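Commentary on secondary and tertiary structure
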Amino acid sequence: MRPLTEREIRASFINCSKGEAKRAGVPRDLPDQPWDDLDFLGWRDPGAPERAYLVAERDGALVGVALRVTSGAARGFTARSMCSFCLTTHTNGGVALMSARRTGEAGRQGNSVGQYLCADLACSLYLRGGKEAAGGGVIDESLTLEDKLARTRTNLYAFLDKVAAKPE
């Protein structure tokens with residue numbers, strides 16, 4: 001992923017108002033992000049832990065999505081959950097249900113789309129070995145890293161399509 005500016009990030013959001021995008025807590029360490037290892041930029045808002053954000057490049061354009069994080073009941077250390085994007089397994093709250101308000105009229109009516117995702121949205125780093133999941137890990141499979149990254153992007157784009165989908 002190419003390095004992004006705060007202005008680009010704020011302008012990319014498709015499922016919130018300009019005011020909400022302006023108030024979003026953008027990471028302060030943008031220049032220090034491992035851009036070459038990111039398939040998307042994802043972060044939790046430090047000022048509002050129930051909010052998270054995701055920005056991806058798709059067909060030459062940036063697509064940003066504001067997310068709500070559902071705080072679930074604490075699970076035992078041996079209980080494992082899997083991220084829907086990268087298929088990394090985590091224990092002890094490493095996966096969270098995140099929902100995005102749909103765009104347009106559907107979103108104004110309260111419709112949303114949810115996915116279980118890495119709680120820190122560091123899918124790209126888990127796949128590339130830059131981060132290790134506590135008590136979990138990446139599934140041992142015969143796919144190459146490039147195939148795993150392609151699958152993660154496919155899962156990400158499917159989620160973005162659901163957020164932006166027009167009602168039928």
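These lines cover the structure that appears in this document, whether it is placed above or below.

Quick notes on the rules
- Residues numbered from 1 in each chain as written.
- Predicted model: local features only at pLDDT ≥ 70, side-chain atom pairs only at ≥ 80, totals over all residues.
- Heavy atoms only, no water.
- Salt bridge = Lys/Arg side-chain N within 4 Å of Asp/Glu carboxyl O.
- Helix = DSSP H or I, 4+ residues; strand = E, 2+ residues; numbered from the N terminus.
- Buried < 20%, exposed > 50% of the residue type's maximum accessible area, 1.4 Å probe, protein only.
- Phe/Tyr/Trp six-rings, centres within 6.5 Å; stacked < 30°, edge-to-face > 60°.
- Pairing = 2+ DSSP bridges.
- Contact = heavy atoms within 4.5 Å.
- Polar contact = N/O pair within 3.5 Å; in protein donor to acceptor, adjacent residues only side chain to side chain.
- Axes fitted to C-alpha atoms, helices over the stretch in contact; angles between N-to-C directions.

**Describing the pattern of salt bridges**
One side chain can pair with another of opposite charge once the charged atoms of both are near each other. With the rule as written, the count across this model stands at ten salt bridges. One salt bridge in this structure joins Glu57 and Arg2, with 3.2 Å as the shortest N-O distance. Residue Glu57 is located in strand S2 (residues 51-58), and its partner Arg2 is located in the segment before helix H1 (6-12); the two are separated by 55 residues in the primary sequence. On the accessibility criterion, Glu57 (29% relative accessible area) is partly exposed. Note on Arg2: relative accessible area 35%, which makes it partly exposed. One salt bridge connects Arg58 with Asp161, and the closest N-O pair in it is separated by 2.5 Å. With Arg58 in strand S2 and Asp161 in helix H5 (residues 145-164), this residue pair connects regions lying 103 residues apart in the sequence. Salt bridges sharing partners connect three or more residues here, namely Arg2, Glu8 and Glu57.

**A few points about unusual backbone geometry**
Not every positive phi belongs to a glycine, and Asp59 is a case in point at roughly 50°. For Asp59, the location among the structural elements is in the loop between S2 and strand S3 (61-70). The exposed category is assigned to Asp59, whose relative accessible area is 78%. Positive phi is not limited to glycine here, since Leu121 has a value of about 55°. With respect to the helices and strands, the residue Leu121 is situated in the loop between strand S7 (112-118) and helix H4 (123-128).

**Quick word on the packing of aromatic side chains**
Summed over all chains, the structure comprises four aromatic pairs. Measuring from ring centre to ring centre gives 5.9 Å for Phe40 and Phe85, while their planes differ by 85°; the resulting arrangement is edge-to-face. A residue pair is termed long-range when its members are at least 10 positions apart, and Phe40 in strand S1 (residues 40-44) and Phe85 in the loop between strand S4 (80-82) and strand S5 (88-91) qualify at 45 residues. Residue class for Phe40 comes out buried when judged on its relative accessible area of 1%. Chaining the aromatic ring pairs together yields one cluster made of Phe13, Trp43 and Tyr53.

**So, the pairing of S1**
Along S1, four of the five residues are buried, which leaves the element largely enclosed by surrounding structure. Two elements, S1 and S2, share five bridges in a ladder whose sense is antiparallel. Pairing of Leu41 across the sheet is with Val55, part of S2. Between S1 and S2, which pair antiparallel and follow one another directly, the connecting turn spans six residues.

**Here we look at the environment of Asn15**
Position of Asn15 relative to the elements: it lies in the loop between H1 and helix H2 (18-23). Looking at Asn15, the relative accessible area reads 4%, which means it is buried. Residues Asn15 and Leu156 lie 141 residues apart in sequence; the distance between their C-alpha atoms is 16 Å. Excluding residues within four positions of it along the chain, Asn15 makes contact with Gly64, Val65, Ala66, Ala100, Arg101, Thr103 and Val163. Within the local environment of Asn15, its side chain forms a polar contact with the backbone nitrogen of Ala66, the two atoms lying 2.9 Å apart.

**Points about the sheet that holds S1**
Spatially, the five strands line up as an open sheet ordered S1-S2-S3-S6-S7, and their pairing is antiparallel. On the outer flanks of this sheet lie S1 and S7, each paired with one strand and no other. For this sheet, the mean inter-axis angle between neighbouring strands, taken without regard to orientation, is 30°. Relative to S7, strand S6 (residues 95-101) runs antiparallel, the two sharing seven bridges. Paired with Ser99 across the two strands is Gly114, which belongs to S7. Its contacts with the sheet put H5 on S1, S2, S3, S6 and S7, and the angle it makes with S2 is roughly 110°.

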